[in-house]
Amino acid sequence: MCDSLIRLAVVGSGSDVTNWKDVSARLRGGHIVAFGDSMEVTLERHQDEFDAVIIDNPLNDDHAAHRAAEANKHVFIRSPVAENLLTAEAIIDACREAGISFGVAQTLRYQPSSQTILDRLLAGKLGDPGLLRVHRWRSPRNEPLAEWLFPDLEFATRLFGAKPTEVFALARQDDDAMPGYVQLHLGYPAGGGYPAGGGYPAGGGYPAGGMAIMDFSASLPSGEGYDSLSLIGSSGAAYADDHRNTHLLYGGGNPSTLISGEGNGHVWREIQSFIDAVRENKPSPVGEAECRTTHQVIGAVAQSLETGRVFSDQGGSYEPA
Amino acid sequence: MNLPEPHDRFGVLVLSVVKHDYVARGVATHPRFKLTVVADEADQPDWIHQRNQQFADEHGIAYVRDVSKAIAEHDVQVAVVSSEAERHCALSVQAAEAGLHIIQDKPMSTSLTECDRVVEAVAQNKVKFLMWNRNLFPAVVQAREVIARGEVGDPYAFHVDFYFAKDAGPPKGSRDPGAPPMDWLETLKAAHITGADGGVGKEPMGELGVEGCYPLAYIAMLSGAKVCRVFARTTAHFHQLYVDNGVEDLATVSLEFENGVVGSLALGRIGAASHPDIGEIKLHILGPKGALVISEARPEVGIYYRDQPAEEFKNQRLLDSENDYLLADSFARAIDTNSHTILDAPTSRAIAATVLAALESSRTGKVVDVP
């Protein structure tokens, strides 16, 4: 256990630091001491003032994590970490070689709705997870596939206790660059279950296996997005759905709806989990293994989209079924 | 205003009523339809005759153990078929060949060949066919209207969650390991009192087979498109009955349509503890100009009171009978005007083909073309 405070720098968040100051005030065992638009500039100005870095926009600064590792700074990097497995593994290897901690800022895990569902699942209230249903709809944006998919794929692996055995994907291409819509259909294995100490089980999966259907759309008109996640277990179910959390606003004609958000507490909680991991010299809750696994699945999704085929896990890699 | 005259009424032959009597009751909510006689094949087992007789007695009409005789001796123009699924098509073909219009309970059949026989018989005899469905619940009608007005553009993706929060006997794994497998037919016969006997018959049927018709019928109506490829996963996750009989109580299906539209289903009999009412039944529809999220159950009213029975839904749907009336009304209009019914024989056959392809996909783990 490290007794000293962990000093954090935030890189790539832009100029709005107000939220980060609130987050810093809630942290235990650490605090935010510096901000920078790029890793280079942050190191140049604050090299000796921080121990760890939060890389908030990794896809905009390809070398930020490598530079942090070279400078011996612990790395807490926003999902998807990188656009593909190869690039993500290079970052993981760089951190490992430098002997520093590597963690992934995976906001979805720390949202109140996700935490409530995970808490009830791990307490055995919902039984074995059977079906996960996710909708994430947004207005048009130009994001790499990995950025769309990483949070829910990682969370699904956490919920089922194993990575998918089968991966099938469909897409609608709105322009040459990016699909405007992606649907994922995943199968999960039987056997295993969570070990008492937490983490993914070695054997993988629950007794009955399971399945997930997710869809990601970037075709909504500009404005609020739509989020829905439901988990059907063998003895119960959980529904986290914007449709259930709407209020009515009357201004003439049909009323419009207001959706209550889940606040910003998840940002504080995910950073706290990283600080705790660094101070206690233990793996971050979303660390190397979770990052590799999730990128493997994203790779299988890309292959399925390209070929129209189902890909199945063949002992570590995904191959056509 | 043209009010229906008595001679405009259709005499209804209830052609076996061993499971969902709500179809015949639903038809009877419309003044154009008059339940006239119940009939079935003479060689059916006693329990079937008992159910038919009970329904006939309740409605003060005759029960005839000879279908041809019932048709010959009664003034009937419409047959309502609600037998076990494996007899649906044979009875519908018999009715069509006698010149009767047909309202049939879902699923169309467990065999695509049988579905083809119905499509052919209906076409050759120039009668109307309606698969009973849920397409005219107010929320679904509202979705259709929103789409028709172009408010979301031409939809490119449809997703339906169709969960029944009902039990089906002991939970999976809860029985003595040495206990004999649960008998499908006997268990489903016993479930008649709760209405959870949609799969009753000699041949075990999973939830996708029994209920898949409903969500696929929503999509067929709202998209007007045919499914050409499916990928599916199924499992028996909740109930020992389904485990013992090798059928699914949970399923997911990815759908690819001929016109490039995509879709998915999530469907299951997920247990009574999993939802405060009949279950989450939702439509998610995406278009280039917007999107729709519709709860089929609404409008509903929440009812909570001391000593409330556990099996009573705490949210009660308000307009189930409206769907019944509107289905019957649309069927009468289709007969009057010689127009398509809201779920006709070719579309019902296409839905059955999609379900059977999905079941094959779940067995093989591969994407399957829909015939």
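Higher on the page you've got the structure.
In this report, we go over the structure that sits alongside the text. Here the structure is a predicted model, which means the values were calculated and not measured. (Residues numbered from 1 in each chain as written. Chains lettered and ligands numbered in written order. Predicted model: local features only at pLDDT ≥ 70, side-chain atom pairs only at ≥ 80, totals over all residues.)

## Concerning the overall build of chain B
Right, so step 1: Tallying secondary structure elements over chain B gives twelve helices and 15 strands in all.
Right, so step 2: Relative to a compact globule of 371 residues, whose C-alpha radius of gyration would be 21 Å, chain B shows 20 Å and is just as compact.
Right, so step 3: Each principal axis of the C-alpha atoms in chain B carries an extent, and together these give about 60 × 50 × 50 Å.
Right, so step 4: Taking all 371 residues of chain B together, the buried fraction comes to 55%.
Right, so step 5: Once local pairs closer than 6 in sequence are excluded, the contacts in chain B between residues at least 24 apart make up 72%. (Helix = DSSP H or I, 4+ residues; strand = E, 2+ residues; numbered from the N terminus. Rg over C-alpha atoms; globule rule 2.2 N^0.38 Å. Buried ≥ 20, exposed ≤ 12 C-beta atoms within 10 Å, placed from the backbone. Contact = placed C-beta atoms within 7 Å.)

## Points about the sheet that holds strand β6 (residues 129-131) of chain B
Residues and elements named next belong to chain B.
Right, so step 1: Taken in spatial order, the six strands line up as β3-β2-β1-β4-β5-β6 in an open sheet, and their pairing is parallel. Each end of this open sheet is capped by a strand with a single partner; those strands are β3 (62-64) and β6. The average angle at which neighbouring strand axes cross in this sheet is 25°, direction not considered.
Right, so step 2: Pairing of strand β5 (residues 101-104) with β6 involves three bridges; the strand directions are parallel. Bridging from a neighbouring strand, Gln 104 pairs with Met 131 of β6.
Right, so step 3: Contacting β1 (10-17), β2 (33-39) and β3, helix α2 (residues 46-59) crosses the sheet at an angle of about 150° to β1. (Pairing = 2+ DSSP bridges. Axes fitted to C-alpha atoms, helices over the stretch in contact; angles between N-to-C directions.)

## With respect to the interface of chain B and chain A
Right, so step 1: Listed by partner, the interface residues are 36 residues for chain B and 36 residues for chain A.
Right, so step 2: Counting residues per element, the ones that place at least two in the side of chain B that touches chain A are β7 (157-164), β8 (227-235), β9 (250-257), β10 (262-269), β11 (281-286) and β12 (291-295) of chain B.
Right, so step 3: Looking at the side of chain B that touches chain A residue by residue, the classes come out as 15 nonpolar, 14 polar and seven charged. (Nonpolar A, V, L, I, M, F, W, Y, C, P; charged D, E, K, R; others polar.)

## Re α2(B)
Because each turn of an α-helix spans 3.6 residues, side chains separated by three or four positions in sequence point in the same direction.
All names here are of chain B.
Right, so step 1: Along its 14 residues, α2 runs 20 Å from first to last C-alpha, staying within 8% of the 20 Å computed at 1.5 Å per residue.
Right, so step 2: The elements touched by buried residues of α2 are β1, β2 and β3.
Right, so step 3: Of the residues trailing α2, Gly 60 is marked for its positive phi of about 65°. (Expected span 1.5 Å × (residues − 1).)

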